[in-house]
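Residue-level structure breakdown
Spelled out from the first residue to the last, the chains are:
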Amino acid sequence: MSTDKAQSWVYCEEFLPEDDILLRARERAAQLGCTPVLPGAGAALSVLAAAAAARAVVEIGTGTGVGSLYLLRGMPADGVLTTIDLEVEHQRAAKEAFAEEGVKPTRTRTISGRALDVVPRLTDGGYDLVFIDADKDSYRGYVEQAVRLLRPGGVLVVDNALWHDRVADPARRDETTTTIREVGRIVRADDRLLPSLLPVGDGLLVAVKR
């Protein structure tokens, strides 16, 4: 990457400064050892949720609520976020962030459990946006379920789609990079989806269900 391009990426990441609530959620993430969505990708999440007028959203991978806050800030005031995470401690930290934000309890539904066990129980075509930011090895299964969950016109968002700039390098063949690269191919080849790959944060793979 050229120096100018790197500077442009940093400029984009810092374009919208994060407030104290988001920064505290990031601090909790560092303490608990989870990696939240980067600021540029978070800002894009808010815009996508707002553009879709997303009242029903599924988040796979709650973490400490950084991505959740960005989604909630873009959703209508009556929107409900269903967020799933295996780690109860992460969700406890996320609820702390929601309380600081002043989010009404009725606007979030936190589910603790393995996402591939939980998501199949959610309603077909019942959601406006699905955001995937969890264990990378399960991304294929998450995407398959997400397409089922979305209504026509609904938005699929996959974080870490560039995976630390490894996905674009064909010489990188580790399991995680290969999985994410394959997910990109699957989404690109799916006639039900209109996709785009956004170079914000660690990469956002975005698609609209036709």
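Look above for the structure.
This text gives an overview of the structure that appears in the document. (Residues numbered from 1 in each chain as written. Predicted model: local features only at pLDDT ≥ 70, side-chain atom pairs only at ≥ 80, totals over all residues. Heavy atoms only, no water.)

Now for the nonpolar core. Counting 31 residues, the largest nonpolar core has Ile-60, Ile-132 and Leu-156 as the members making the most contacts within it. Sorting elements by how many residues they give to this core places helix H7 (residues 139-149) first, with six residues. When residues no more than four places from it in sequence are discounted, the contact partners of Ile-60 are Ile-84, Ala-115, Val-119, Val-130, Phe-131, Ile-132, Asp-133, Ala-134 and Tyr-142. Judged by nonpolar contacts, the second largest core, of 29 residues, contains Val-37, Met-75, Ala-97 and Phe-98. (Core = buried A, V, L, I, M, F, W, Y, C linked by side-chain atoms within 4.5 Å. Buried < 20%, exposed > 50% of the residue type's maximum accessible area, 1.4 Å probe, protein only. Helix = DSSP H or I, 4+ residues; strand = E, 2+ residues; numbered from the N terminus. Contact = heavy atoms within 4.5 Å.)

A few words now on the sheet that holds strand S4 (residues 127-132). Ordered by their spatial adjacency, seven strands build an open sheet running S3-S2-S1-S4-S5-S7-S6, and the pairing between neighbours is mixed. Each end of this open sheet is capped by a strand with a single partner; those strands are strand S3 (108-112) and strand S6 (193-198). Each neighbouring strand pair of the sheet contributes to a mean axis angle of 15°, computed without reference to strand direction. Strand direction decides the pairing type here: strand S1 (residues 56-60) and S4, joined by four bridges, are parallel. Directly across from Val-57, in S4, lies its bridge partner Leu-129. Those strands touched by helix H8 (residues 175-189) are strand S5 (150-159), S6 and strand S7 (204-209), and its axis lies near 25° from that of S7. (Pairing = 2+ DSSP bridges. Axes fitted to C-alpha atoms, helices over the stretch in contact; angles between N-to-C directions.)

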